[in-house]
Amino acid sequence: MALLGAVGSEQAQLHQLRGRSEHLGANALGNSVESRQRGKRRLAAMAAIALSGVGLARRGTWILRDIDLVVEDAERVCLLGPSGAGKSALLRLVAGLGRPTTGSITVGGRPPEPGRGGTTFLGEDHPVYSHRDVRANLGFPRRDHDVDVRELASRFALGDLLSRPAGRLSAGERTAVAAARALARPDVGTVLLDAPGRGVDPARRRRIMEAVMAVRGRTVLFSTRLPEEALRWADRVVVLVGGAVHQVAPPREVLVRPASIEAAAAMGEVNRLPGTGHDRAGRVRVGSSLVSVRPVLEGVEPGRRVIVGVRPADLAPASPEAPFQERLRVTIGRVASVGARQRVEFGVGTEPAAAFAAEFEPARRLTVGDRIDWHVPPEAVRLYDPVTGRAL
């Protein structure tokens with residue numbers, strides 16, 4: 001019982017310290033700098049992966065800036081962001097393929113080293129032995145590879161390719177072979193995946209991710225630009241933009257309560273409408289229209305400039321019963337079909353433009369030049385500071 005109590009206490013401390021690490025740059029009230037540093041050192045010893053104050057500069061340009069992150073044992077964490085956000089650079093540092101300019105990294109309580117047992121890194125290049133066939137690639141250098149190869153080939157849909165030279169494989173097939181080789185070792189407890197399946201067809205990409213996530217108790221840190229992968233596979237998401245962390249939270253929280261307009265965009269397309277606070281009742285003026293926000297936000301004074309964020313899928317033509325404070329007057333600039341849905345690009349006011357977008361299942365077809373009112377549900381609206389981009 002005493003042992004169980006000690007383990008439970010340690011886990012509680014880890015959760016508490018991880019919570020502190022997620023408030024990047026925040027001042028913990030009542031905690032001195034020295035006590036916070038002691039907490040970070042203790043955290044690094046307890047976590048599967050721990051980063052503290054990590055920065056990376058190349059030729060005078062900061063690629064990564066002041067990153068604090070804790071990945072617990074058996075947790076699946078996604079690095080989500082656009083191309084050039086720093087995802088690959090961060091994963092390479094965690095893999096030990098480079099050293100940070102500032103800060104520290106530990107994997108299993110120790111500084112990372114390339115090739116260390118228990119950790120595998122599947123990088124963007126997906127290396128394979130081109131002069132060997134798939135069977136040899138999957139088995140090398142194991143002596144008992146015949147049984148292993150059959151099982152690996154089945155998991156990665158490579159059974160029909162075992163005799164084919166790796167040099168004759170497609171990009172997706174080479175990626176699958178590389179992923180299978182990287183995961184073949186039985187001692188792999190931590191997996192680092194850089195843009196898994198990039199350039200691969202969706203079915204094979206999904207098969208690779210399923211194979212990676214199938215092992216219970218495995219710690220996974222992976223990168224992607226696709227919000228659907230973050231939503232499906234991650235316990236938590238780290239939104240990286242321009243080398244800086246914008247939010248660390250469960251994927252659903254990032255989707256519905258993004259900490260910044262860039263975090264919102266990382267989870268899917270979002271319109272950025274220029275607006276101005278109208279009153280203290282949660283109404284914002286966009287062009288000649290009023291848009292309501294729920295819940296009502298404090299600090300949005302009349303006249304304050306804001307960015308009104310609303311996703312295209314949350315807009316649809318307003319019904320006659322829609323309140324005036326939930327209508328946005330627009331002019332259609334472009335119309336296209338996306339399957340059964342209609343994608344409409346529009347400008348605010350009387351000028352047709354393609355600055356913003358809506359997607360819906362149309363009751364009637366719209367044409368360029370039409371002036372209509374969108375229904376803007378108050379609960380779908382998020383407000384952001386136009387200078388910092390932070391959520392209000």
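For every chain, the first residue of the written sequence is number 1, and numbering continues from 1 onward in sequence order. Residues qualify for local features only when their pLDDT is at least 70, as the model is predicted, and side-chain atom pairs are given and counted only at 80 or more; totals for whole chains, interfaces and linings, by contrast, use all residues. Processing note: side-chain calculations cover all non-hydrogen atoms of the structure and skip hydrogens and water entirely.

Engineer: Even after reading the chapter, I still don't get the pattern of salt bridges, so can you show me in this structure?
Structural biologist: Side-chain pairs of opposite charge can arise whenever the charged atoms involved come near each other. Just to be clear on terms, a salt bridge is a Lys or Arg side-chain nitrogen sitting within 4 Å of an Asp or Glu carboxyl oxygen. Inspection of every chain in the model, using the stated rule, returns 15 salt bridges. With a shortest N-O distance of 3.2 Å, Asp373 and Arg327 are connected by a salt bridge. Here Asp373, found in strand β18 (residues 371-375), pairs with Arg327, found in strand β15 (residues 327-338); they are 46 residues apart in sequence, far enough to count as distant. Accessibility expressed as a relative area gives 19% for Arg327, which makes it buried. What emerges from the salt-bridge pattern is a single network uniting Glu269, Arg334, Arg343, Glu345 and Glu359. Only DSSP runs of H or I reaching four residues or more are called helices, and only runs of E reaching two or more are called strands; each is numbered from the N terminus. Under the scheme applied here, a residue whose accessible area is under 20% of the maximum for its type counts as buried, over 50% as exposed, and between as partly exposed, the area being computed with a 1.4 Å probe on protein chains only.

Engineer: For this particular structure, what's the right way to read unusual backbone geometry?
Structural biologist: Residues other than glycine predominantly adopt negative phi, and peptide bonds predominantly adopt the trans conformation. In the segment running from Arg294 into Pro295, the intervening peptide bond is cis, with an omega of 0°. Looking at where Pro295 falls in the secondary structure, it is placed in the loop between β12 (289-292) and β13 (305-310). Here the phi dihedral of Ala74 falls at roughly 70°; this positive angle occurs in a residue that is not glycine. Tracing the backbone shows Ala74 in the loop between β2 (61-71) and β3 (76-80). You can call Ala74 partly exposed: its relative accessible area is 34%.

Engineer: Would you mind showing me how to read helix α3 (residues 87-94) here?
Structural biologist: Every α-helical turn comprises 3.6 residues, leaving residues that sit three or four positions apart pointing alike. Taking burial as the measure, the eight residues of α3 include six buried ones, the bulk of the element. For α3, every residue scored as buried is listed here: Lys87, Ala89, Leu90, Leu91, Leu93 and Val94. Positive backbone phi, approximately 85°, marks Gly96, located one or two places after α3.

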